[in-house]
Amino acid sequence: MRKKPVILPVFFVTVLLAGCSSKPDATNTLMENQMANQKIPKPGDDAFSLKPYLQEAAIKSSSNQEYLEAATYWYALHQENPSDLNIALQCASNMRFANSPGDAVNVISNTLKIHPGNVLLHAERGKAYAALGNIEMALEDINIASAASTADWSVHSAHGVILDRLGRHGEAEQAYKKALTLSPDNPKVLNNLALSLALTGRHDEAVATLQRAVQNPNANMQVRQNLSLLLAMKGDIKGAGQLSQADLPNAMAQNNMNYFAGLTQSAVE
């Protein structure tokens, strides 16, 4: 029987641009509250001689992916030295991953007043704007960063994600391919490229790209579950189920299997 075209579900997950929609908050209330809760000293406090400890704690929290805690430490350091470029970048990126992209935008915007035109700052603010949902502003910053021929693959991958959200899939594909020349077989870039291909109906290429991505030992659950869903949409319920069962609790995996079965039934007249 003839298969109906399948519309790509909205819950496919791109990787790289973390954060949820929230408005920029000039007071950085979240960070102020976190500093108070963790009893982190502020600039001017007698206890701020603990700066080396704060930096060590910030680096450790970042490496452990404890993003809110890391952002709080980096923010304390940023307050003490707002002109330090590396601290501002670390502070903003951890804020973004801690679902506070509005705070990240504020930190970067203030730092750009001290370092106008800095490509690294524009790249980070572009990612933060994208996480915030402000795609037009994100594109302005990422255009500046990508035009500088940066060797940072994440800038070009972020550029692709932003272009995809604007429906400019052909340009997005080129951005992902540029990222892959800098970081071959990067599972995050391959994931985003695959979803871009799927959005344009190129499902076979999308599956092949995700299969390539999951072979990388650094591929995460998001990448594998995106492949699982694409396989289900193509009718490979067995392959989709194996991927679900590898990552998810039994009950959740079974729910996915039931959903996958429904997908194939609805695709057939």
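Residues numbered from 1 in each chain as written. Predicted model: local features only at pLDDT ≥ 70, side-chain atom pairs only at ≥ 80, totals over all residues. Heavy atoms only, no water.

(A) Highlighting unusual backbone geometry. Unusually for a residue other than glycine, asparagine 99 sits at a positive phi of about 65°. By the secondary structure assignment, asparagine 99 is in the loop between helix H4 (85-97) and helix H5 (101-114). (Helix = DSSP H or I, 4+ residues; strand = E, 2+ residues; numbered from the N terminus.)

(B) Seen up close, H5. Spanning 14 residues, H5 covers 20 Å between terminal C-alpha atoms, matching the ideal 20 Å at 1.5 Å per step. Counting buried residues along H5, 11 of its 14 residues qualify, which places the element largely inside the surrounding structure. For H5, every residue scored as buried is listed here: Pro101, Gly102, Asp103, Ala104, Val105, Asn106, Val107, Ile108, Ser109, Thr111 and Leu112. (Expected span 1.5 Å × (residues − 1). Buried < 20%, exposed > 50% of the residue type's maximum accessible area, 1.4 Å probe, protein only.)

(C) Geometry of the packing of helix H10 (residues 187-199) against helix H11 (residues 203-214). Remark: H10 packs on H11, axes separated minimally by 8 Å, with the N-to-C direction vectors making an angle of 170°. Here H11 runs roughly antiparallel to H10, going by the angle between their axes. Listed contacts from H11 to Pro187, Leu190, Asn191, Leu193, Ala194, Leu197 and Ala198 of H10 are His203, Glu205, Ala206, Thr209, Leu210, Arg212 and Ala213. Among the residues making up the contact of H10 with H11, the classes are represented as nine nonpolar, three polar and two charged. (Axes fitted to C-alpha atoms, helices over the stretch in contact; angles between N-to-C directions. Parallel < 35°, antiparallel > 145°, perpendicular 65-115°, else oblique. Contact = heavy atoms within 4.5 Å. Nonpolar A, V, L, I, M, F, W, Y, C, P; charged D, E, K, R; others polar.)

(D) Layout of the nonpolar core. Core analysis: the biggest nonpolar cluster contains 55 residues, and Trp74, Met95, Ile162 and Leu230 have the highest contact counts within it. With seven residues, the top contributor of residues to this core is helix H3 (residues 67-80). (Core = buried A, V, L, I, M, F, W, Y, C linked by side-chain atoms within 4.5 Å.)

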